[in-house]
Amino acid sequence: MASITFDHVTKRYDNGFVAVEDLNLTVADREFLVLVGPSGCGKTTSLRLLAGLETLSQGNLYIDDRCVNTLPAKDRNIAMVFQSYALYPHMTVFENMAFGLSLQGVPKSTIAQQVRQAAQQLDIEPLLDRKPKELSGGQRQRVAVGRAIVRHPAVFLMDEPLSNLDAKLRVQARAELSKLHRQLGTTFVYVTHDQVEAMTMGTRIAVLNQGILQQVASPQVLYDR
Ligand code: ADP
Ligand code: ADP
């Protein structure tokens, strides 16, 4: 359970570039919010601020009414899936999925149980002993999602997670992620370039341009005209 509030959030990078400017946005608990906009408009920066991978320059960021401006990433109960998947090449699928939990000091038997459960949910159980290089693109994408859900995060951030898949796999993966969102009951913030993804998956769509929020609306309002 988690709601998110950006309250007048600005991110100015060290070189002076303002990537996000005075962002005001509330994401409701269990919402599937899609962030869209041209390359360089500040989508990834917004996700990284939420995840605690960047610090805010101005404003406040709340998760469930708790101000998290200075809360370390590891204490935010947020998982992020990257476009590149960022799997550890020398680790098996099992080890990739287990890694975050073992850093948290979760007992091994609990880790094994949670990894297996997540692997079942994503239909990747037969792959647990493989290394990433022994997987197809679609399988890697599932492992990246598995590594995130295994920790039962309250917020799930995804940065163009399907952009490396071919068109056919993408259609399938869209449906699976929508289903996963319903099953997990987790708040999703999802970055994409793909209008079809935004329309079919999002409960609401936020449009950024040059670091400024232009509009937040349901897919119906935004695209059906
Ligand atoms: P998007 O995800 O929408 O493509 P980003 O959030 O990645 O946009 O980037 C927004 C802007 O901030 C871009 O112009 C990018 O070049 C710039 N930017 C990103 N990271 C840094 C950084 N570490 N230092 C300076 N500028 C950055
Ligand atoms: P150790 O590091 O003590 O040798 P392991 O890493 O082999 O322990 O196993 C720790 C737990 O994770 C065990 O319960 C094991 O069954 C489980 N486990 C390890 N690898 C896999 C895998 N590929 N698939 C399913 N469970 C695994």
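Analysis parameters
- Residues numbered from 1 in each chain as written.
- Chains lettered and ligands numbered in written order.
- Predicted model: local features only at pLDDT ≥ 70, side-chain atom pairs only at ≥ 80, totals over all residues.
- Heavy atoms only, no water.
- Helix = DSSP H or I, 4+ residues; strand = E, 2+ residues; numbered from the N terminus.
- Rg over C-alpha atoms; globule rule 2.2 N^0.38 Å.
- Buried < 20%, exposed > 50% of the residue type's maximum accessible area, 1.4 Å probe, protein only.
- Contact = heavy atoms within 4.5 Å.
- Lys, Arg positive; Asp, Glu negative; His and termini not counted.
- Charge placed at Lys NZ, Arg CZ, Asp CG, Glu CD.
- 1 Å grid on protein atoms, 1.4 Å probe; cavity = no way out; pocket = protein on both sides within 12 Å on 5 of 7 lines; lining within 4 Å.
- Points joined across faces, edges and corners; volume = space filled by probe spheres on them.
- Near = heavy atom within 4 Å.
- Polar contact = N/O pair within 3.5 Å; in protein donor to acceptor, adjacent residues only side chain to side chain.
- Areas by Shrake-Rupley, 256 points an atom, 1.4 Å probe, with all protein chains shown as cover.
- Nonpolar A, V, L, I, M, F, W, Y, C, P; charged D, E, K, R; others polar.
- Pairing = 2+ DSSP bridges.

As named in an unreviewed UniProt entry, the chain is Glycerol-3-phosphate ABC transporter ATP-binding protein, taken from Prochlorothrix hollandica PCC 9006 = CALU 1027.

Engineer: Mind showing me how you'd approach the overall build of the chain here?
Structural biologist: For the chain, the count of helices and strands is seven helices and ten strands. Rg of the C-alpha trace for the chain: 17 Å, near the compact-globule value of 17 Å for 225 residues, within the 12% margin. Reported as C-alpha extents along the three principal axes, the dimensions of the chain are approximately 45 × 40 × 35 Å. Per-residue burial for the chain yields a buried fraction of 47% across its 225 residues. For the chain, contacts bridging at least 24 residues in sequence account for 67% of all contacts bridging at least 6. Of the side chains in the chain, 24 bear a positive and 22 a negative charge, and the two mean positions are spaced by 5 Å.

Engineer: How do you make sense of unusual backbone geometry when you look at a structure like this?
Structural biologist: Leave glycine aside and you will find that most residues have negative phi; peptide bonds, for their part, are mostly trans. Of note, D22 is a non-glycine position whose phi angle comes to about 50 degrees, a positive value. Judged by its relative accessible area of 41%, D22 is partly exposed. Notably, R30 is not glycine yet its phi reads approximately 70 degrees, a positive angle. Counting through the fold element by element, R30 comes out in the loop between β2 (18-27) and β3 (32-36). Classification of R30 as exposed rests on a relative accessible area of 51%.

Engineer: Whenever I open this one, empty space enclosed by the protein confuses me. Can you help?
Structural biologist: Over the atoms, a rolled probe matching the size of one water molecule traces out where space is still vacant. Tallying each qualifying case throughout the model produces one cavity of 30 Å³ or more. Each pocket or cavity is described by its volume, and for the largest cavity that value is around 60 Å³. L122, Q141, R142, V145, A173, E176, L177 and L180 together form the lining of the largest cavity. Within the residue set of the lining of the largest cavity, elements represented by two or more residues are α4 (137-149) and α5 (167-184). Take the lining of the largest cavity: its biggest share by element is four residues, from α5.

Engineer: Would you take a moment to explain the site of ligand 1 for this structure?
Structural biologist: Within the structure, ligand 1 sits among Y13, N15, F17, A19, P38, S39, G40, C41, G42, K43, T44 and T45. In this structure, K43 approaches ligand 1 through a side-chain N or O atom, which is 2.9 Å from an oxygen atom. For ligand 1, an oxygen atom lies 2.7 Å from a polar atom in the side chain of T44. For ligand 1, the protein covers 63% of the area, taking 570 Å² as the surface of the free molecule. Ranked by the residues each element gives to the shell around ligand 1, the list is headed by helix α1 (residues 43-51), at three residues. In terms of residue class, the shell around ligand 1 is made up of five nonpolar, six polar and one charged.

Engineer: Whenever I open this one, the environment of V171 confuses me. Can you help?
Structural biologist: Its location among the elements puts V171 in helix α5. On a C-alpha basis, the gap between V171 and R30 in space is 22 Å, while along the polypeptide they are 141 residues apart.

Engineer: Could you clarify how one ought to interpret the pairing of strand β8 (residues 187-191) in this entry?
Structural biologist: Every other side chain in a regular strand lies on the same face of the sheet, so the side chains alternate between the two faces. Within β8, five of the five residues are buried, which leaves the element mostly enclosed by the surrounding structure. Because side chains alternate across β8, one face comprises the buried residues T187, V189 and V191, and the other comprises F188 and Y190, equally buried. Here four bridges tie β3 to β8, and the two strands are oriented parallel to one another. Paired with L35 across the strands is V191, a residue of β8. Sheet analysis places strand β7 (residues 155-159) next to β8, joined by five bridges and oriented parallel. Residue pairing for β8: F156 is matched across the bridge by F188.

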